[in-house]
Structures are given as C-alpha cells and as structure tokens.
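# Descriptive structure summary
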Amino acid sequence: MLEGDPMALKPLLDSAGLVLMGGGGLGGEDTTVMEAVVMPNSALVGSSAVRSAMRRRHGIALLAISRGGRHMIERLRQTEFMAGDVLVVEGNGETLPGTLAQLGCLPLGQKAMPFTRKSAWLPVGIAFAAMLSVAFGVLQVAPAFFMAAVAMVLLRCLPLRDAYEAIHWPIIILLGALIPISDAMKSTGASDLLAGWLALAASQVPVPMALGVVLLASMLLAPFLHHAATVLLMGPVAAGMAVKLGLAVDPFLMAVALGAASDFLTPIGHQCNTLVMGVGGYRFGDYWRLGLPLSVIVVVSGTLLILTFWPI
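Residues numbered from 1 in each chain as written. Predicted model: local features only at pLDDT ≥ 70, side-chain atom pairs only at ≥ 80, totals over all residues. Heavy atoms only, no water.

What follows concerns the sheet that holds strand 2 (residues 61-67). Pairing is antiparallel in the open sheet, where 5 strands are placed in the order 3-2-4-1-5. Bordering the open sheet on either side are strand 3 (70-72) and strand 5 (105-108), each of which pairs with just one other strand. In this sheet, adjacent strand axes meet at a mean angle of 30 degrees when their direction is disregarded. Two strands pair when backbone bridges link them, and strand 2 and strand 4 (residues 86-92) are joined in this way by 5 bridges, in the antiparallel orientation. Bridging from a neighbouring strand, A61 pairs with E90 of strand 4. (Pairing = 2+ DSSP bridges. Helix = DSSP H or I, 4+ residues; strand = E, 2+ residues; numbered from the N terminus. Axes fitted to C-alpha atoms, helices over the stretch in contact; angles between N-to-C directions.)

Written out as structure tokens, the structure reads:
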C-alpha cells in the first residue's frame, strides 16, 4: 500500500517494476497518473465508477478519492461521486486531460496548451472590441458580450462543446423562475411592504448603518439562493427602502450587488467556494472561521466606500 504525491508515483512504479492494483490500474508505457476535481456540473456527480463505466467506456482507472481531507482507497467502484471530490485517476497520457474535461472534471497540474500568436491575440481582440463598443455607447453590455461570445465560437477560438458546457443551466432556470417572482413582488406591493418595514427600522439608526443592513441582508441571503437571484429579490426592496427614506437609490443597489457577491461563510454560496473545498481538504465549518471576520471587513469597508463614491 503506497501513499504519496500521485504525480511522483508513476516514476516510482516504473523504476520498481510495480503496477497499481488497488483501483484497478491500467498499466502500460503510455499511461499517466493525474489528479482531477469533480466540478458541480459534472456528469459524474451522483454516479459511481461502475455506473459511469469509467474504465470500459472512457479508459480511466480510478485509484483513489479525496473528500474533505479524507482519502478513500476502498470500495471505490461503488462510491458515489460528489462535487469537489479530488480523484486520482490513471489513463492514456495524451487523451486523459480531454476525457476528464468531457466528464466535467478539472485536471490538476495540467500543462497549459501552447498558443500561437494568432490564437492568442484573436480572443483578446474580440474582448477588447466588445469593451470599446460598450465604453463608447455603441452597444449595451448584454448584446455586446453576447456577440463577442458568438464571434469566439464562429472564429474557432472556443470549441462549441466547451461553450455549451460553460453555460450553467441550473442557474439559467433558477433566474428564469425568479424573474417573474421579482416582477410579482413589485406588482403586488410585496416589495413595497418589505421596504416599508426596513425603512421604518432604518429610520431609527444612522444612514450608514441602514446601508450596512442592506449589504448584510444580501450577504446572508446569497448562500440560500444564488448571487444573481439575490439581486433580483433584494434589488426592488432596497430601491423602495431608499425612496421611502428620501435617499438616493444607487448606494442601496450597490450595497445589494456587493453583499450578494460576498458570501464567505459557506461552500455553497458560489461555485468557486465549492471547487476549493475538496482540493484544500476543507470542511463546511472551516469557511465561517475565516469568512466571518472577512464578512465584517466587507460590511464595514464596503459601506464606507459606497458612501464615498455614491453619495447618499
């Protein structure tokens, strides 16, 4: 039984004439061992090595799983994969990174693909053109960057499969469902009612504290929804609260935007938080230990900076 850096195991096994058997190693001269993180949108989530036929269909041997800092080398074939799991796999050195990408896994330590001067500058030029068109008022933000994304695909800067897989469909569906709810809150007066309650409470405290309350409320709501969905729900409420207090709307909307994007307390508020959970061996409770003081810093400094650049 061997334990160590997966990238160092391969030379050791070759020099010693050994073959990994614990996970059903493939062996052979063209095989390599690699680590990969299971992404939240991976097809492996909820499946296992047996059900997904990793070895038979994809030519990948599963050697070990690391989940929350705990390494598993037994019952790998029946273990269901979870988002954030770090897999140690063995496969063909040339095709393994591409196969892992198709399965929705992020290879670790993968060498960057070489770029030619043409392929490197073309996407940069497209993005720069989109930003210039927005800066000079030629196009709005949404159509400008949508056209840039289409141009990336048409000019083959980005494969169509990668573009399709980059779309977070659950978030799209969630936003599509919450937009009518946001409109209904405004049309039925629910947002005005909530804004009235918040305005009544905020009228008893200084204005900076009221702005901080909006920022904090958005920050606490983000883990339960999504940062974009939080803006949809909190935006009308914050705007109505500002109107009832006779204050400028922009600072309160900026507080909603900043709070919705600043979830440091949980690994589920943002996909980046989930991604590093397995790699770093973190547990759910580890996030609030560093996230709590960081959240306090964001609330205090964010409130002061918003008041500086967007006068109340």
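Next comes the rest of the write-up.
This part takes up helix 5 (residues 141-154). With 14 residues, helix 5 ought to run about 20 Å at 1.5 Å a step, and its terminal C-alpha atoms sit 20 Å apart, in line with that. For helix 5, the set of buried residues is A144, A148 and M152. All buried residues of helix 5 project into a common sector of 80 degrees when viewed along the axis, lining one side. Pointing more than 90 degrees away from the buried face of helix 5 are the exposed residues A142, F146 and L154. (Expected span 1.5 Å × (residues − 1). Buried < 20%, exposed > 50% of the residue type's maximum accessible area, 1.4 Å probe, protein only. Arc of directions from axis to C-beta.)

Let's shift gears to the confidence of the model for the protein. When the pLDDT values of the protein are averaged, the result is 78; 80% of them are 70 or greater. Helix 11 (residues 250-260) holds the highest mean pLDDT among the elements of the protein, 91, whereas helix 12 (residues 271-280) holds the lowest, 68. (pLDDT = per-residue confidence, 0-100.)

Attention shifts here to the pairing of strand 2. Where burial is concerned, most of strand 2 is hidden: 6 out of the 7 residues are buried. Two elements, strand 2 and strand 3, share 3 bridges in a ladder whose sense is antiparallel. Pairing of R67 across the sheet is with R70, part of strand 3.

What follows is about the nonpolar core. A general trend in soluble globular proteins is that nonpolar side chains are found buried together. Formed by 18 residues in total, the largest nonpolar core has its most connected members in L62, F81, L87, V89 and L100. Where this core is concerned, the elements lending two or more residues are strand 1 (31-38), strand 2, strand 4 and helix 3 (96-102). For this core, the element with the highest residue contribution is strand 1, accounting for 3 residues. Core analysis: the second largest hydrophobic core is formed by 16 residues, A202, A210, V214 and I306 among them. (Core = buried A, V, L, I, M, F, W, Y, C linked by side-chain atoms within 4.5 Å.)

On to the pairing of strand 4, then. Within strand 4, 6 of the 7 residues are buried, leaving the element largely enclosed by the surrounding structure. In terms of strand pairing, strand 1 meets strand 4 through 7 bridges, oriented antiparallel. Directly across from V37, in strand 4, lies its bridge partner V86.

This part covers the side chain of S295. Turning to its location among the elements, S295 is positioned in helix 13 (residues 284-309). In terms of polar contacts, S295 uses its side chain to reach the backbone carbonyl oxygen of G291, at 2.7 Å. Those residues in contact with S295 that sit more than four places away from it in its chain are M219, F264 and L265. (Polar contact = N/O pair within 3.5 Å; in protein donor to acceptor, adjacent residues only side chain to side chain. Contact = heavy atoms within 4.5 Å.)

Before going further, it helps to spend a moment on the packing of helix 11 against helix 13. Where helix 11 contacts helix 13, the two axes come as close as 10 Å, and the packing angle between them is 150 degrees. The orientation of helix 11 with respect to helix 13, classified from their angle, is roughly antiparallel. The chirality of how helix 11 crosses helix 13 is right-handed. Counting all contacts with helix 11, which are made through P251, M254, A255 and L258, the residues of helix 13 involved are V298, G302 and I306. Of the residues assigned to the contact of helix 11 with helix 13, the class counts are 6 nonpolar, 1 polar and no charged. (Parallel < 35°, antiparallel > 145°, perpendicular 65-115°, else oblique. Left-handed = near helix turned anticlockwise from the far one by under 90°. Nonpolar A, V, L, I, M, F, W, Y, C, P; charged D, E, K, R; others polar.)

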